[in-house]
Amino acid sequence: MLDFTKIPVIDTHAHPFTASREKEDYAHSYAMCIYKGLDNYKYQTSYHMALRELRRLFRLPDDTPAEEVVRTRHARAKAGYNEFVKFLYEDAGIEAILCDFGYPIIGAGLSEEEFRAFYEAAEGACEVYDMIRIEIACDRYLYRDNLSFNEMKKAFDRYVEEHIKKRKTICMKSVVGYYTGLKWEPVTHDEAEKNYNEHYLGYFHPKRRDKKFRDYMVYHGLELCVKHGMKFQMHTGAGDPPKCDMRLINPNDLYELINTDMAKQVNFVVVHGGFPYNYEAAFLAASYPHVYIDISSTQNYAGRAQEEQFRHILDVCPHNKIMFGADGGGLVDASWYAACYFKRYMADILAEYVEKKYFSESYAQEIGEMILYKNAKRIYGI
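Peer 1: Is there a simple way to think about the sheet that holds strand S4 (residues 169-174) in this case?
Peer 2: Strands pair in a sheet through their backbones, by hydrogen bonds, and they do so in one of two ways: parallel or antiparallel. Across the sheet, which stays open at both edges, the eight strands sit in the order S1-S2-S3-S4-S5-S6-S7-S8 with parallel pairing between neighbours. The two strands at the open ends of the sheet, each matched to only one other strand, are strand S1 (9-14) and strand S8 (322-323). When S1 meets strand S2 (residues 94-100), the two strands line up parallel, connected through four bridges. Bridging from a neighbouring strand, Ala 14 pairs with Cys 99 of S2. Lying over the sheet, helix H11 (residues 278-287) contacts strand S6 (268-271) and strand S7 (291-294), oriented at roughly 140 degrees with respect to S7.

In structure tokens, the structure reads:
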């Protein structure tokens, strides 16, 4: 019997958690959707799986009603939020997170007070490594009506350099799939400038007319990764409707980008395992020396379906290229639950493979340790 409960975890895809950013409806935190007030959130498989994990954590009977479980959770967090964070992270074994401060996608960025609250909560619970989200940096922090294209690009470069000096910045990230899709095309400076002047609004463009500017900045992000020795994450697969158009987020569409000379110089991570296009994402990571994969997001939002998706990745992708990630944000429980759930089902799947004589038990143990933390340490240089 394999048991990974005591193995440390590096969460390679996280977002800041603060009490102020928790969703009002606890069940909504386990839905991959930004719409509010839908009654169906409480009927999701993922939500009820998380409730079972909370019952274990608080030693509640299995038949404890959902409302009582949530009340118990909120009371514990309210009694001392920072201690609650440590309690969860110790239970899951999370020792470090790679944090995208672009969350939440909608609305204003974190206030200085919220930044302080997050770092205070994380102190003593885990190490925090930053990543810079290209689109949010352009839209939220740098966009001004009076900035020319060249001024904006220089401002972006300064922002990156200052961020690296201030915090442990390890990675650049793009969510261009939300904005204009993953089918990247090379863009000249003049084409990007023209598109910027005509169509860039400084926020999500529902008609996706700013594609040339967005593609240009993705490539420029790769240039900065090479310059500063950072890694690169690319969001693929399902995300937050209505921004996520499922027709535009297949990892196969990254073909042009990952074959550029610039992309080949960085560790390029395909995020979310491409869900639901897991075979495609796994094939890319298996085929290109510089491409890797994380299995974030679906631990929290896809219910038991993630177990089948993990098999697809495990069967196709080299095991030294797969990394754990949760994609939890706002609600600290999301990272905790994802790690606990993943450890359990990975142990079950690998034990099955051992029983069928696909792997030895010692190699199955090695796979688990690689995915939970060893691959992240090597790939991100932690």
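Peer 1: Just checking my understanding: could you explain H11 for this structure?
Peer 2: An α-helical turn contains 3.6 residues, so any two residues separated by three or four positions project in the same direction. All of the buried residues in H11 are Asn 278, Ala 281, Ala 282, Leu 284 and Ala 285. Taken end-on, H11 shows its buried residues confined to a sector of 155 degrees, consistent with a single buried face. Packing partners of the buried residues in H11 comprise helix H10 (255-258), S6, S7 and helix H13 (305-316).

Peer 1: I keep staring at the packing of helix H2 (residues 66-79) against helix H3 (residues 81-92) and nothing clicks. Help me out?
Peer 2: Two numbers describe a pair of packed helices, the interaxial angle and the distance between the axes. Running from amino to carboxyl end, H2 crosses H3 at an angle of 120 degrees, the nearest separation of the two axes being 5 Å. Between H2 and H3, the angle falls in the class oblique. Judged by residue contacts, Arg 73, Arg 76, Ala 77 and Ala 79 of H2 engage Tyr 81, Phe 84 and Phe 87 from H3. Split by residue class, the contact of H2 with H3 holds five nonpolar, no polar and two charged.

Peer 1: Any chance you could explain the state of the cysteines here in plain terms?
Peer 2: Here the structure, examined in full by the defined rule, presents zero disulfides. In this structure Cys 317 is a free cysteine whose sulfur lies 17 Å from that of Cys 171, the closest cysteine sulfur available.

Peer 1: I'm lost on the side chain of Asn 250 in this one. Help?
Peer 2: When you line up the elements, Asn 250 lands in the loop between strand S5 (231-235) and H10. Residue Asn 250 is classed as buried on the basis of its relative accessible area, which comes to 15%. Engagement of the side chain of Asn 250 in a polar contact is seen with the backbone nitrogen of Asn 252, the distance being 2.9 Å. Once residues within four sequence positions are removed from consideration, Asn 250 is found in contact with Leu 182, Tyr 277 and Glu 280.

Peer 1: Can you walk me through the packing of H13 against helix H14 (residues 333-355) in this structure?
Peer 2: One can describe the packing of H13 onto H14 by two numbers: an axis separation of 11 Å at closest approach and a directional angle of 55 degrees. Classified by the interaxial angle, the pair formed by H13 and H14 is oblique. H13 and H14 meet at a crossing whose hand is right-handed. On H14, the residues touching Gln 306, Glu 307, Phe 310, Arg 311, Leu 314 and Asp 315 of H13 are Tyr 341, Phe 342, Tyr 345, Met 346, Ile 349, Leu 350, Glu 352 and Tyr 353. Its residues assigned to classes, the contact of H13 with H14 comprises nine nonpolar, one polar and four charged.

What counts as what
- Residues numbered from 1 in each chain as written.
- Predicted model: local features only at pLDDT ≥ 70, side-chain atom pairs only at ≥ 80, totals over all residues.
- Heavy atoms only, no water.
- Pairing = 2+ DSSP bridges.
- Helix = DSSP H or I, 4+ residues; strand = E, 2+ residues; numbered from the N terminus.
- Contact = heavy atoms within 4.5 Å.
- Axes fitted to C-alpha atoms, helices over the stretch in contact; angles between N-to-C directions.
- Buried < 20%, exposed > 50% of the residue type's maximum accessible area, 1.4 Å probe, protein only.
- Arc of directions from axis to C-beta.
- Parallel < 35°, antiparallel > 145°, perpendicular 65-115°, else oblique.
- Nonpolar A, V, L, I, M, F, W, Y, C, P; charged D, E, K, R; others polar.
- Disulfide = S-S within 2.5 Å.
- Polar contact = N/O pair within 3.5 Å; in protein donor to acceptor, adjacent residues only side chain to side chain.
- Left-handed = near helix turned anticlockwise from the far one by under 90°.

It is worth stressing that arrangement in space is one thing and function is another; only the former is reported here.
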